[in-house]
Amino acid sequence: MGKILLIESGTNVCSVAIASDGEIVGIKESVDEKAHAAQLTVFIDHLTKETGISIAQLDAIAISKGPGSYTGLRIGVSAAKGICYAAEKPLISISSLDSMAYGASIKYQTLIKDQKIDLFCPMIDARRMEVYTSLFNNNLQKISETQALIVEESSFSKNLENKKILFFGNGASKCTEVLNHPNAFFADDFLPSAQFMIPLAQESLKHKRFEDIAYFEPYYLKEFVATISRKNLIPGL
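Residues numbered from 1 in each chain as written. Predicted model: local features only at pLDDT ≥ 70, side-chain atom pairs only at ≥ 80, totals over all residues. Heavy atoms only, no water.

A. Geometry of the environment of Phe186. Positionally, Phe186 belongs in strand β10 (residues 184-187). By relative accessible area, which is 28% here, Phe186 ends up partly exposed. Taking the C-alpha atoms as reference, Phe186 lies 18 Å from Asp98; in sequence the two are 88 residues apart. (Helix = DSSP H or I, 4+ residues; strand = E, 2+ residues; numbered from the N terminus. Buried < 20%, exposed > 50% of the residue type's maximum accessible area, 1.4 Å probe, protein only.)

In structure tokens:
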């Protein structure tokens, strides 16, 4: 089935894994969201040494394409492209929300069964009360478009009328009071991981669904907006 290097860098987690024939053989992760640039290539180097699987032996490189952190996505995609060019390997991209939905379906099996959860709602923090999100059914089929949503009391109200929804991800915790409904369930310990990308990446490898390395760009969803640090402001201007 193949050997794949998987990179998740679009959130607060920097995660790198190597999978062989659909099974994880090594993983390195950090929740220090400010250290992606320093840690990512180190993780890759350590994994290839620890697993004995060299870059040359890989069949593809898989990257989480977003939505997510602008800086984190740029770091991950740049590293993945560099490896693909240098080693002449194909590039696979995986939606960050898709892999999160798969991860939640595995991590919270008991909760899902006991509470009869109908829908999964991964949420990636996009500052203030905004999140990157989408809805998935129990078959992990996306039933709503990926969007940058400002969460309000009326958000998801139609779905919550007759569906139980599991909200998770680093954007979910800030929505607990706003989405105060008996059908709303929150998982506050979910972390995105490169290992959740494995089945999706394997499927892409099987069907040779590869990206054009030269033209591929992360799925930012929103334009990057630069801000000026208050420390750099000149008094009186």
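B. Spatial organisation of helix α2 (residues 70-87). Taking 1.5 Å of rise per residue, the 18 residues of α2 would be expected to cover 26 Å, and the 26 Å separating its terminal C-alpha atoms lies within 8% of that figure. For α2, the complete set of buried residues consists of Gly72, Leu73, Gly76, Val77, Ala79, Ala80, Lys81, Ile83 and Cys84. Packing partners of the buried residues in α2 comprise β1 (3-8), α1 (36-51), β4 (60-66) and β5 (91-95). Where α2 ends, the next residue or the one after it, Glu88, has phi of about 55°, a positive value. (Expected span 1.5 Å × (residues − 1). Contact = heavy atoms within 4.5 Å.)

C. Representation of the nonpolar core. Leu5, Ile7 and Ile61 are the most contacted members of the largest nonpolar core, which totals 21 residues. At the level of elements, β1, β2 (14-20), α1, β4 and α2 are the ones that each hand at least two residues to this core. If one sorts the elements of this core by residue count, α2 sits on top with five residues. By size, the runner-up hydrophobic cluster in this structure holds 18 residues, among which are Leu97, Ala126, Tyr132 and Phe185. (Core = buried A, V, L, I, M, F, W, Y, C linked by side-chain atoms within 4.5 Å.)

D. Structural detail: the side chain of Glu8. Structurally, Glu8 can be placed in strand β1. Of note is the side chain of Glu8, whose polar atom sits 3.3 Å from the side chain of Ser64. Once residues within four sequence positions are removed from consideration, Glu8 is found in contact with Val13, Cys14, Ser15, Ser64, Ser96, Ser99, Pro192, Ser193, Ala194 and Met197. (Polar contact = N/O pair within 3.5 Å; in protein donor to acceptor, adjacent residues only side chain to side chain.)

E. Fine view of the sheet that holds strand β8 (residues 147-150). If you walk across this open sheet you meet the five strands as β8-β7-β6-β9-β10, and the pairing is mixed. Of all strands in the sheet, those bounded by a partner on one side alone are β8 and β10. Taking each pair of neighbouring strands and ignoring which way they run, the sheet shows an average axis angle of 35°. Here strand β9 (residues 165-168) pairs with β10 via four bridges, running parallel. Bridge assignment links Leu166 to a residue of β10, and that residue is Phe185. Contacting β6 (119-125), β7 (130-133) and β9, helix α3 (residues 96-107) crosses the sheet at an angle of about 125° to β6. (Pairing = 2+ DSSP bridges. Axes fitted to C-alpha atoms, helices over the stretch in contact; angles between N-to-C directions.)

F. Representation of the sheet that holds strand β3 (residues 23-30) within the structure. Spatially, β3-β2-β1-β4-β5 is the arrangement adopted by the five strands of the open sheet, whose pairing is mixed. Each of the sheet's edge strands pairs with one partner strand only, and the pair in question is β3 and β5. Averaged over all pairs of adjacent strands, the angle between their axes in this sheet comes to 20°, without regard to strand direction. Where α2 meets the sheet, it contacts β1, β4 and β5, and its direction lies at approximately 160° from that of β4. Those strands touched by α3 are β1, β4 and β5, and its axis lies near 65° from that of β5.

G. Representation of the pairing of β7. Residues Glu130 and Tyr132 line one face of β7 and the alternating positions Val131 and Thr133 line the opposite face, and both faces are buried. Pairing analysis gives three bridges linking β6 to β7, with the strands arranged antiparallel. Counted as the bridge partner of Asp125 is Val131 from β7. Direction of pairing for β7 relative to β8: antiparallel, over a ladder of four bridges. What sits directly across from Glu130, in β8, is Ile150.

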